[in-house]
Amino acid sequence: MDHQLDTQGLICPEPVMMLHRVIRKADSGEVIEILATDPATTRDIPNFCRHLGHELVHQETLAEDVDLSVDPDEITVASDDDAPIKATLYRYLVKKKIA
C-alpha cells in the first residue's frame, strides 16, 4: 500500500471525502487502503471509483462485531449506556487512475 486511510467510526460522507483528499495527493497508479465501519461505504466507494475513473482493486469484509474505540462526543447512540459500539469492518484497495 502506498497510502492508508482509517475511517473507522466515521459515517457518510466523511469516509469518501477523506478518500478524495488522499487520492488528490497520491501519484498516478498508487494504491490507497481504506478501513471503514460505515456500511454506506460498500456502495459509496465503488461509486466514487466508477465515477472518477479510479480502480477498485479489492473490497472485503474483514470482521463483524468489532468494538469501536471512538470518542463518545463524535458519535451519538440511541441509548447512552456504556456498552461498546459494535460495527462491521470493511477494507478497500483503490488504485488511482493513471493520468
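Quick note: structure is the one above.
These remarks concern the structure in this document. Here the structure is a predicted model, which is why all the values come from computation and not from measurement. (Residues numbered from 1 in each chain as written. Predicted model: local features only at pLDDT ≥ 70, side-chain atom pairs only at ≥ 80, totals over all residues. Heavy atoms only, no water.)

If you look at the biggest cluster of nonpolar residues, it comprises 15 residues, and the most contacted ones within it are Leu19, Ile32, Ile34 and Ile45. Looking at this core, the elements that each hand over two or more residues are α1 (14–25), β2 (31–36), α2 (41–52) and β4 (85–95). Broken down by element, this core gets its largest block of residues, 4 residues, from α1. Setting aside its immediate chain neighbours within four residues, Leu19 contacts Leu5, Ile32, Ile34, Ile45 and Phe48. (Core = buried A, V, L, I, M, F, W, Y, C linked by side-chain atoms within 4.5 Å. Buried < 20%, exposed > 50% of the residue type's maximum accessible area, 1.4 Å probe, protein only. Helix = DSSP H or I, 4+ residues; strand = E, 2+ residues; numbered from the N terminus. Contact = heavy atoms within 4.5 Å.)

With that out of the way, let us pick up the pattern of salt bridges. Taken as a whole and assessed by the stated rule, the structure comprises 4 salt bridges. Between Asp44 and Arg43 there is a salt bridge, with its nearest N and O atoms 3.0 Å apart. Between Glu60 and Arg91 there is a salt bridge, with its nearest N and O atoms 2.8 Å apart. Placement of Glu60 in strand β3 (residues 55–68) and of Arg91 in strand β4 is noted, with a sequence separation of 31 residues between them. Residue class for Glu60 comes out partly exposed when judged on its relative accessible area of 26%. (Salt bridge = Lys/Arg side-chain N within 4 Å of Asp/Glu carboxyl O.)

With that settled, consider the packing of α1 against α2. α2 packs onto α1 with a crossing angle of 35° between their chain directions and a minimal axis gap of 10 Å. The way α1 lies across α2 gives a crossing that is right-handed. Contact with α1, carried on its side by Pro15, Val16, Leu19, His20 and Ile23, involves Thr41, Asp44, Ile45, Phe48 and Leu52 of α2 and no other residues of that element. A per-class count over the contact of α1 with α2 returns 7 nonpolar, 2 polar and 1 charged. (Axes fitted to C-alpha atoms, helices over the stretch in contact; angles between N-to-C directions. Left-handed = near helix turned anticlockwise from the far one by under 90°. Nonpolar A, V, L, I, M, F, W, Y, C, P; charged D, E, K, R; others polar.)

Attention now moves to the side chain of Thr41. Relative to the helices and strands, Thr41 resides in helix α2. Here Tyr92 takes part through its side chain, which lies 2.7 Å from a polar atom of the side chain of Thr41. (Polar contact = N/O pair within 3.5 Å; in protein donor to acceptor, adjacent residues only side chain to side chain.)

Looking now at α1. The end-to-end C-alpha distance of α1 is 17 Å, a good match for the 16 Å that 12 residues give at a rise of 1.5 Å each. Buried residues of α1: Pro15, Val16, Met18, Leu19 and Ile23, and no others. One side of α1 holds all its buried residues, which, seen down the axis, span an arc of 160°. Set apart from the buried face of α1 by more than 90 degrees, the exposed residues are Arg24 and Lys25. If you follow the buried residues of α1, they end up packed against β1 (3–6), β2, α2 and β4. (Expected span 1.5 Å × (residues − 1). Arc of directions from axis to C-beta.)

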